[in-house]
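One letter stands for each residue in the lines below.
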Amino acid sequence: MVPDLQRLQTAFVRRLEAYAREMASLERQIQETREALEGLVPMPVHWRRVRCGKRACRRCPHGPYPYLRVKKDGKWRWQYLGKGWQPPEGFAQAGEFRALLAHYRRLLERLVALREEVAELKRKLGVA
Ligand SMILES: [Zn+2]
């Protein structure tokens, strides 16, 4: 093998290892953040993966994001616990919940970006 190519492959493999470590750490943080979010909501939280509706989106479905099951006009519906959600009375930590949800979304986005970088590196290494 050409030494330059070998060096490049070694660098790629090191990067893959670093990505794997970061992904494991992110997955732990995501799980902890989900539990913390659930702890702030006095009702059962459902975690759903959702489609964004954009054509040819390669990241669909997204999430999982937190939802409540609520009855509206006699029908059960999913209520996203994010933008536009009005916390019910007795929900004392709405601000903390929103900040934590924003943090959770950033962690998820980083994980998705990392998965794409890993896939790209594996393609370059020819091991995909
Ligand atoms: Zn999408």
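The notes below deal with the structure included here. Only a predicted model underlies this, so the values are computations on that prediction, with no experimental measurement involved. (Residues numbered from 1 in each chain as written. Predicted model: local features only at pLDDT ≥ 70, side-chain atom pairs only at ≥ 80, totals over all residues.)

Digging into the overall build of the chain
The cut-off we apply is this: Secondary structure is summarised from DSSP: a helix means a run of H or I of at least four residues, a strand means a run of E of at least two, and numbering begins at the N terminus for each. Note on method: radius of gyration uses C-alpha positions; expected globular size equals 2.2 Å times residues raised to 0.38.
Counting its regular elements, the chain contains 2 helices and 3 strands. Starting at the N terminus, the α and β elements of the chain follow one another as α-β-β-β-α. Relative to the compact-globule value of 14 Å for 128 residues, the chain shows a C-alpha radius of gyration of 20 Å, a clear excess of over 25%. The C-alpha extent of the chain, read off along each of the three principal axes, is 70 × 30 × 20 Å.

Comments concerning helix α2 (residues 94–125)
We count it as follows: Helix span, expected: 1.5 Å multiplied by one less than the number of residues in the helix. Note on burial: count the other C-beta atoms lying within 10 Å of the residue's C-beta; 20 or more is buried, 12 or fewer is exposed, in between is partly exposed, and C-beta positions come from the backbone. By the convention adopted here, residues are in contact when the distance between their C-beta atoms, placed from the backbone, does not exceed 7 Å.
End to end, α2 covers 46 Å across 32 residues, agreeing with the expected 46 Å (1.5 Å per residue, within 8%). What α2 keeps buried is the set Phe97, Tyr104 and Leu107. The elements touched by buried residues of α2 are α1 (3–40). Downstream of α2 by one or two residues, Gly126 has phi in the positive range, about 75°.

Considering the pairing of strand β3 (residues 75–80)
As a reminder, the rule being used: Any two strands with at least two DSSP-identified bridges between them are counted as paired.
β3 sits mainly on the outside: 0 of its 6 residues count as buried. In the sheet, strand β2 (residues 62–72) pairs with β3 via 6 bridges, with the strands oriented antiparallel. If you follow Arg69 over to β3, its bridge partner there is Trp78. Turn length for the β2-β3 hairpin, with the two strands adjacent in sequence and antiparallel, is 2 residues, and the turn residue Asp73 shows positive phi of about 50°.

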